[in-house]
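# Fold and contact review
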Amino acid sequence: MSYEQRMKDKVQILKSKQNVLILAIESSCDDTAVAVMRNGREVLSNCISSQIELHQRYGGVVPEIASRKHIETLNPLIDEALYQAKVSLQDLDAIAVTYGPGLVGALLVGVSEAKAFSMALDIPLVGVNHIEGHISANYIQHPTLQPPFLALVVSGGHSHLIIVKDYGVYELMGQTRDDAAGEAFDKIARALGLGYPGGPLIDQIALEGNPSAIAFPRSYLKEDHFDFSFSGLKTAVVNYIHHQEQKGETLKIADIAASFQQAVVDVLVKKTIRAAQLKNMNQIALAGGVASNSALRKAMKENARLEDISLCFPDPILCTDNAAMIGCAGYYRLLKGEVAGLLLNAVPGLKLF
Ligand code: KG4
Ligand code: ZN
């Protein structure tokens, strides 16, 4: 019997199995991550090896270096994830892997590894969209969460407002027209000389600043339009920094960070709440690295409460890139019988819609 037919048969059996164990791999950018998940939502292990130190001196991720590091790290990390989960390779029922969007070389490391494991263990392989993974982190954190809900996915590469109609069924309401929210945080942090990645550093230093100190622009675009744009804000902040420097003024870094952050948060909150009202959504889920921003969480909480909308977001470790979220998304794809064949390839520009 062919590999493909065997996998189809195995998925049928898995659908009624009590405990489905998935090994998940994520290598789309600068984190190598491996997790073991039980029945989609239960984390048995969630191992992450960050490459931040390696890329810090360049002020951003260097794709070639990222791929090489994934190659080195992945096998030992799989070993560690299995050990922490107290399972062996033979216990695994399926492999889930991120196949896009992301850096092509980085993705290929995970995809090739996952295909090899699928063949060697003769278990189904599931390809997962990274953005779907971020959304799914909320299922892990909130075991009773069910679609439909509105998701705001804000990370280093993405800013999307998405209606999650059902597991794996999405409608795009809006997305960034230029920089992603996290990208704006990273660029402003660099302009302020804070380092990389900028989001957590700005979040931290903003706690000591005045968010109303400088009136940076908010780009709302048109009323009831749900696309985002952060490049105008970024230019305004960079220009402000240059003007202050030209005048010989000492930069009030905490005030600039807090005022910039507030401008981002105001737009994200206003648009998300308005979108929820318009689509009659009574649940909002935040996802992606920027979802761990303390000012965003606080403002979204206050505004959602005023509108009687429930709000959820994952712990910071499940907001930034991890493999538990990929295992969760992969589980629901598996239940739908959506297995990838051995032709699965990395798709850097993979779309969710
Ligand atoms: O989801 P993620 O790990 O990777 C992508 O898929 O892009 O997100 C990383 C992004 C970076 O831009 C980082 O600066 C931002 O998330 N980030 C934050 C915070 N923590 C991470 N941005 C604002 N505040 C934070 N606390
Ligand atoms: Zn991500």
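Let me sum up the structure you'll find in this document. Residue indices follow the written sequence of each chain, beginning from 1 at its first position. For naming, the first written chain is A and the first written ligand is 1, with later ones following in the order written. Confidence filtering applies because this is a predicted model: local features only for residues at pLDDT of at least 70, side-chain atom pairs given and counted only at 80 or more, and all residues used for totals across whole chains, interfaces and linings. Excluding hydrogens and water, the side-chain figures rest on all heavy atoms present in the structure.

### What about the nonpolar core?
Short version of the rule: We define a nonpolar core as any set of buried Ala, Val, Leu, Ile, Met, Phe, Trp, Tyr and Cys residues linked to one another through side-chain atoms lying within 4.5 Å. Each residue is assigned to one of three classes by its accessible area relative to the maximum for its type, calculated with a 1.4 Å probe on protein chains only: buried under 20%, partly exposed between the two thresholds, exposed over 50%. The helix count covers DSSP runs of H or I at least four residues long, the strand count covers runs of E at least two residues long, and both are numbered beginning at the N terminus. Contacts between residues were defined by any pair of non-hydrogen atoms, one from each residue, lying within 4.5 Å.
Residues Leu150, Phe260 and Leu296 are the most contacted members of the largest nonpolar core, which totals 48 residues. Put simply, the parts of the chain that give this core at least two residues each are strand 6 (149–154), strand 7 (159–166), helix 6 (181–191), helix 7 (198–206), helix 8 (231–246), helix 9 (253–278), strand 9 (283–287) and helix 10 (294–306). Of all the elements, helix 9 adds the most residues to this core, at 13 residues. Residues within four places of Leu150 in sequence aside, it is in contact with Leu161, Ile162, Ile163, Met173, Thr272, Ala275, Ala276, Met281, Gln283, Ile284 and Ala285. With 39 residues, the next largest nonpolar core counts Ala35, Ala94, Val126 and Ile135 among its residues.

### What to know about the coordination of the zinc ion (ligand 2)
Think of it this way: four donors in a tetrahedron around the metal ideally sit 109.5 degrees apart, and six in an octahedron ideally sit 90 or 180 degrees apart. Put simply, the rule is: A donor here means any N, O or S atom no more than 2.8 Å from the metal (3.2 Å for Na, K and Ca); water is not included, so a site may seem to lack partners. Key to geometry: four donors with every angle between 85 and 135 degrees are tetrahedral; four donors are square planar and six octahedral where opposite donors lie over 155 degrees apart and all remaining angles lie between 65 and 115; all other sites are irregular.
Note on the zinc ion (ligand 2): its protein donors are His130 (NE2), His134 (NE2) and Asp321 (OD). The metal-donor distances range over 2.0 to 2.1 Å. Around the zinc ion (ligand 2), the 4 donor atoms are arranged such that angles at the metal cover 94 to 130°; this shape is classified as tetrahedral. Under the relative-accessibility criterion, His134 is labelled buried at 1%.

### Overview of the site of ligand 1
We count it as follows: Residues are classed as near a molecule or strand on a simple rule: at least one heavy atom within 4 Å of it. In protein, a polar contact requires one atom able to donate a hydrogen and another able to accept it; more generally it is a pair of N or O atoms within 3.5 Å, and residues adjacent in sequence count only if both atoms are side-chain atoms. Areas reported here follow the Shrake-Rupley algorithm with a probe of radius 1.4 Å; residue values treat only the protein chains shown as occluding.
In the neighbourhood of ligand 1, 20 residues make up the surrounding shell, with His134, Gly156, Asp186, Gly199 and Asp203 lying closest. A distance of 2.8 Å separates an oxygen atom of ligand 1 from a polar atom in the backbone of Gly156. Here a nitrogen atom of ligand 1 sits 2.9 Å away from a polar atom, N or O, in the side chain of Asp203. Protein contact buries 89% of the 560 Å² of open area that ligand 1 shows by itself. Secondary structure elements with two or more residues in the shell around ligand 1: helix 5 (130–141), helix 6 and helix 7. With 4 residues, helix 7 is the largest single contributor of residues to the shell around ligand 1.

### Looking at the packing of aromatic side chains
Inclusion rule: Geometry of aromatic contacts follows a simple scheme: Phe, Tyr and Trp rings, the Trp one being its six-membered ring, pair when their centres are within 6.5 Å, and the pair is stacked under 30 degrees between planes, edge-to-face over 60, tilted otherwise. Remark: a charge is flagged as sitting over a ring if the NZ atom of Lys or the CZ atom of Arg is within 6 Å of the ring centre and within 35 degrees of the ring normal.
Under the defined criterion, the tally for this structure stands at 8 aromatic pairs. Between Tyr139 and Phe149, the aromatic rings sit 5.9 Å apart at their centres with planes inclined by 80°, giving edge-to-face as the arrangement. Separated by 10 residues along the polypeptide, Tyr139 in helix 5 and Phe149 in strand 6 bring together distant segments of the chain. Pair check on accessibility: Tyr139 and Phe149 agree, each one buried. A ring pair is formed by Phe216 and Tyr240, whose centres lie 5.6 Å apart and whose planes are at 90°; its orientation type is edge-to-face. Highlighted residues: Phe216 in the loop between helix 7 and helix 8 and Tyr240 in helix 8, separated in sequence by 24 residues. Feature note: the residues Tyr139, Phe149, Tyr167, Tyr331 and Tyr332 constitute an aromatic cluster, connected by ring pairs. Lying across the ring of Tyr220, Lys270 places its NZ or CZ 4.6 Å from the centre.

### Some words on helix 8
Along an α-helix, residues three or four positions apart point the same way, because every turn accommodates 3.6 residues. Our working rule: How far a helix is expected to stretch is found by multiplying one less than its residue total by 1.5 Å. As used here, the arc is the angular range of directions from the helix axis to the C-beta atoms.
For helix 8, built from 16 residues, the straight-helix expectation of 22 Å at 1.5 Å per residue is met to within 8% by its first-to-last C-alpha distance of 22 Å. Taken together, the buried positions of helix 8 are occupied by Leu233, Lys234, Val237, Ile241 and Gln244. Looking straight down helix 8, one finds its buried side chains confined to an arc of 105°; they lie on one side. Elements that come into contact with the buried residues of helix 8 comprise helix 6 and helix 9.

### A look at the sheet that holds strand 2 (residues 31–38)
Selection rule: Between any two strands, pairing holds if DSSP finds at least two bridges. In this analysis an axis means a line fitted to C-alpha atoms, helices contributing only their contacting stretch, and an angle means the value between N-to-C directions, from 0 to 180 degrees.
The 5 strands lie next to each other as 3-2-1-4-5, forming an open sheet whose pairing is mixed. Strands with a single pairing partner mark the edges of an open sheet, and in this sheet they are strand 3 (42–50) and strand 5 (125–129). Taken over all neighbouring pairs, the strand axes of this sheet differ in orientation by 20° on average, direction set aside. The pairing of strand 1 (residues 21–26) with strand 2 spans 6 bridges and is classified as antiparallel.

### Considerations on the pairing of strand 8 (residues 169–175)
Along any regular strand, the residues point their side chains to alternate faces of the sheet. Across 6 bridges, the pairing between strand 7 and strand 8 is antiparallel. Bridge pairing in strand 8 places Val164 opposite Tyr170. Remark: 2 residues form the turn of the hairpin made by strand 7 and strand 8, two consecutive strands paired antiparallel; Gly168 in that turn has positive phi of roughly 75°.

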